Amino acid sequence: MKLIIHRGDKEIGGSCIEIRSNSGASIFIDAGLELYGEKAKLPKEIENTDAIFLSHAHPDHFGLLGRVSQNIPMYCGEITESILQIMIAFNGDKFDKIDRKFLHFKSGEEVKIKDISITPFLTDHSVPDSYAFLVKTDGKAVLYSGDFRTGGRKHNCITRILNAVKKPNILIADCTCIEPREGSIKTEEELAEKITETISANSNLPVFAICSAINVDRIVTIYKATRRNKRIFVCDIYTALILWAMGKSGVKVPQITWEYVKVLSRDDIAKSQRVLLELSFKKLGFKDFRDIIYRKNTSITAEEISKNPHKYLLKLNRVRDIQKACGIGKFVLIYSMWSGYLTPEFDKRGQYRDLMGDTNIIFENLHTGGHSASEDLKRFISGLDPESLLPFHTNSQEYISQNPDTFGNINILNLSECNQELEV
Ligand SMILES: [Zn+2]
Ligand SMILES: [Zn+2]
């Protein structure tokens with residue numbers, strides 16, 4: 001077995017891994033965009049691979065897949081395909097189209113590609129339907145953890161992986177957060193409590209929340225905090241559609257058909273998303289959603305919100321426009337995403353800095369990440385007890401080399417010494 005890391009071991013993002021068997025069969029796992037710096041290029045070897053497996057619907061894992069030839073089969077989870085296509089339809093300026101059908105795998109069910117066996121395992125991450133992969137061939141086994149955490153609502157998935165996999169030859173582990181951090185919020189439930197407290201401490205003020213529409217665990221957290229304060233949850237069309245897609249796949253998450261969930265769909269503010277929905281709902285297979293989102297019992301208008309704005313939690317991104325349309329003065333803003341997006345490097349137009357600097361806004365940064373905290377990650381690694389460890393998806397090479405005891409006695413691989421290729 002040969003393991004080739006095309007990218008992603010010395011950065012957070014740009015993930016792209018290939019595994020080849022001795023007979024020449026090849027699979028790729030992910031082909032993502034880079035988070036920082038230059039645009040990632042597609043490795044030319046991908047055009048000769050037998051299949052590509054996508055771990056989850058984040059652009060640093062799927063971002064380059066639209067450039068791969070149609071004749072190469074691609075596999076992902078069923079919900080991942082829905083989320084991916086909605087995301088692309090609503091963010092066409094950011095992502096390449098992926099104009100094709102995926103083959104679907106299921107957690108725990110082996111897929112055979114020639115003499116390579118791939119078993120996906122559902123894992124816990126900040127987008128639903130994320131997977132780890134156990135890859136076996138030539139009598140060897142590699143486990144790719146995928147991006148994962150242990151503090152979400154699917155933390156039992158991690159126990160299932162630990163029960164199913166023992167002593168892989170190589171563990172490729174998401175080491176985004178290997179460096180210990182003090183005082184951060186560790187679990188979704190802890191976060192739900194903090195958000196609940198923030199809302200109840202400001203019962204006379206409207207509350208906005210900013211988070212990723214595809215971080216469905218987080219939407220559920222915010223919804224719970226909203227209902228604990230007896231408020232109504234209002235979201236945009238894009239968020240409502242992601243939730244609808246989850247619901248259609250049998251996952252119980254807030255829906256616009258629920259009494260205390262509303263979508264802002266009829267106002268001028270919603271026009272750009274309305275246009276995107278009208279262009280894409282048939283192809284995406286969501287005629288049922290489109291049929292109901294403009295109805296009075298599922299939607300709400302800015303005018304209706306303006307009558308009692310403190311009765312709502314507004315999970316809406318265009319905060320300034322909504323503020324104006326609803327006649328809102330002072331308000332609370334719960335920011336629940338990676339704090340890096342607040343820096344000038346990512347916040348190029350200064351929209352977050354404008355909100356943070358406004359004395360009329362109570363800006364609360366309340367978030368927990370999608371990657372395992374240091375101690376949990378170490379427990380995961382020692383539980384698997386791999387022969388060798390390849391720290392992946394991380395900027396912490398220096399920390400790892402300066403703290404050789406971080407992973408106990410496990411052999412740590414450094415691929416720059418072997419040209420990114422490894423004979424397992
Ligand atoms: Zn990632
Ligand atoms: Zn991810």
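Heads up: the structure comes first, above all this text.
Below: a short report on this structure. Keep in mind that what you see is a predicted model, and the values were worked out from it rather than measured.

Let's shift gears to the overall build of the protein chain. For the protein chain, the count of helices and strands is 13 helices and 20 strands. Relative to its length of 424 residues, the protein chain is compact, with a C-alpha radius of gyration of 22 Å against a globular reference of 22 Å. The C-alpha extent of the protein chain, read off along each of the three principal axes, is 70 × 45 × 40 Å. Buried positions account for 57% of the 424 residues belonging to the protein chain. Partitioning the contacts of the protein chain with sequence separation of at least 6, the portion at a separation of at least 24 is 71%. When the accessible surface of the protein chain is summed, it comes to about 18,500 Å², and 48% of that surface belongs to carbon and sulfur atoms. Here the protein chain contributes 56 positive and 55 negative side-chain charges, whose respective centroids are spaced 7 Å apart.

Coordination sphere of the zinc ion (ligand 1), protein contribution only: Asp60 (OD), His61 (NE2), Asp147 (OD) and His393 (NE2), at 2.1 Å. The motif formed by the donor residues of the zinc ion (ligand 1), counted along the single chain, is D-H-x85-D-x245-H. Separation of the zinc ion (ligand 1) from the zinc ion (ligand 2) amounts to 3.5 Å, with Asp147 serving as a shared donor to the pair. Residue His61 is found in helix H1 (residues 59–62), and its partner His393 is found in the loop between strand E18 (388–392) and helix H13 (397–402); the two are separated by 332 residues along the sequence.

Moving on, we come to the packing of aromatic side chains. Each aromatic ring pair is characterised by the separation of its centres together with the angle its planes make. Scanning the model with the defined rule gives 19 aromatic pairs in all. Judged by centre distance (4.4 Å) and plane angle (45°), the ring pair of Phe148 and Phe380 falls under tilted. With Phe148 in the loop between strand E10 (140–144) and helix H3 (156–164) and Phe380 in helix H12 (residues 374–384), this residue pair connects regions lying 232 residues apart in the sequence. Relative accessible area serves as the criterion here: at 0%, Phe148 is assigned to the buried category. Given a relative accessible area of 3%, Phe380 falls into the buried group. With 6.0 Å between their ring centres and 80° between their planes, Tyr223 and Phe233 make a pair best called edge-to-face. One end of the pair, Tyr223, is in helix H5 (residues 216–228); the other, Phe233, is in strand E13 (residues 232–235), with 10 residues separating them in the sequence. Judged by relative accessible area, Tyr223 falls into the buried class, the value being 13%. Look at Phe233 and you get buried, because its relative accessible area is 0%.

Looking now at the sheet that holds strand E19 (residues 411–412). The strands that make up a sheet pair up through hydrogen bonds in the backbone, lying either parallel or antiparallel. Taken together, the seven strands give an open sheet; going across it, the order is E7-E8-E9-E10-E11-E18-E19, and neighbouring strands pair in mixed fashion. This sheet does not close on itself; its edge strands, each paired only once, are strand E7 (111–113) and E19. Each of strand E8 (116–123), strand E9 (130–137) and E10 is contacted by H3, which is oriented at about 150° to E8, the strand it contacts most. Seen against the sheet, H12 touches E10, strand E11 (170–174) and E18 and runs at an angle of roughly 165° to E11.

Bound to the zinc ion (ligand 2) are the protein donor atoms His56 (NE2), His58 (ND1), His125 (NE2) and Asp147 (OD), situated 2.2 to 2.4 Å from the metal. Relative to the metal, the four donor atoms surrounding the zinc ion (ligand 2) lie at angles of 91 to 164°, and the coordination shape comes out irregular. Each donor residue of the zinc ion (ligand 2) lies on one chain, and together they are spaced H-x1-H-x66-H-x21-D. On the basis of relative accessibility, which here comes to 2%, the residue Asp147 falls in the buried class.

Bringing the sheet that holds strand E5 (residues 74–76) into the picture now. Taking strand neighbours across the sheet as the criterion, the seven strands line up as E6-E5-E4-E3-E2-E1-E20 in an open arrangement whose pairing is mixed. Of all the strands in the sheet, just strand E6 (103–104) and strand E20 (421–423) have a single pairing partner and so form its edges.

The next thing to look at is unusual backbone geometry. Keep in mind that most residues, glycine aside, have a negative phi and that most peptide bonds are trans. Of note, the phi angle at Lys167 is positive, near 45°, even though the residue is not glycine. Mapping Lys167 onto the fold places it in the loop between H3 and E11.

Right, let's get into H3. Every buried residue belonging to H3 is among Cys157, Ile158 and Ile161, and all of these are buried. Around the axis of H3, the buried residues are gathered within 100° of arc, so they sit on the same side. Exposed residues pointing more than 90 degrees away from the buried face of H3 are listed as Arg160 and Asn163. Against E8, E9, E10 and H12 lie the buried residues of H3.

Attention now moves to the packing of helix H2 (residues 78–90) against helix H6 (residues 237–248). One way to put it is that H2 packs onto H6 with a least axis distance of 10 Å and a crossing angle of 165°. Comparing their axes, H6 and H2 come out roughly antiparallel. For the pair H2 and H6, the sense of crossing is right-handed. Contacts between H2 and H6 pair Ile79, Ser82, Ile83, Ile86, Met87 and Phe90 from the former with Ile237, Tyr238, Leu241, Ile242, Ala245 and Met246 from the latter.

Rules used in this analysis
Residues numbered from 1 in each chain as written. Chains lettered and ligands numbered in written order. Predicted model: local features only at pLDDT ≥ 70, side-chain atom pairs only at ≥ 80, totals over all residues. Heavy atoms only, no water. Helix = DSSP H or I, 4+ residues; strand = E, 2+ residues; numbered from the N terminus. Rg over C-alpha atoms; globule rule 2.2 N^0.38 Å. Buried < 20%, exposed > 50% of the residue type's maximum accessible area, 1.4 Å probe, protein only. Contact = heavy atoms within 4.5 Å. Areas by Shrake-Rupley, 256 points an atom, 1.4 Å probe, with all protein chains shown as cover. Lys, Arg positive; Asp, Glu negative; His and termini not counted. Charge placed at Lys NZ, Arg CZ, Asp CG, Glu CD. Donors = N, O, S within 2.8 Å, 3.2 Å for Na, K, Ca; no water. Phe/Tyr/Trp six-rings, centres within 6.5 Å; stacked < 30°, edge-to-face > 60°. Pairing = 2+ DSSP bridges. Axes fitted to C-alpha atoms, helices over the stretch in contact; angles between N-to-C directions. Tetrahedral: all angles 85-135°; square planar, octahedral: opposite > 155°, others 65-115°. Arc of directions from axis to C-beta. Parallel < 35°, antiparallel > 145°, perpendicular 65-115°, else oblique. Left-handed = near helix turned anticlockwise from the far one by under 90°.

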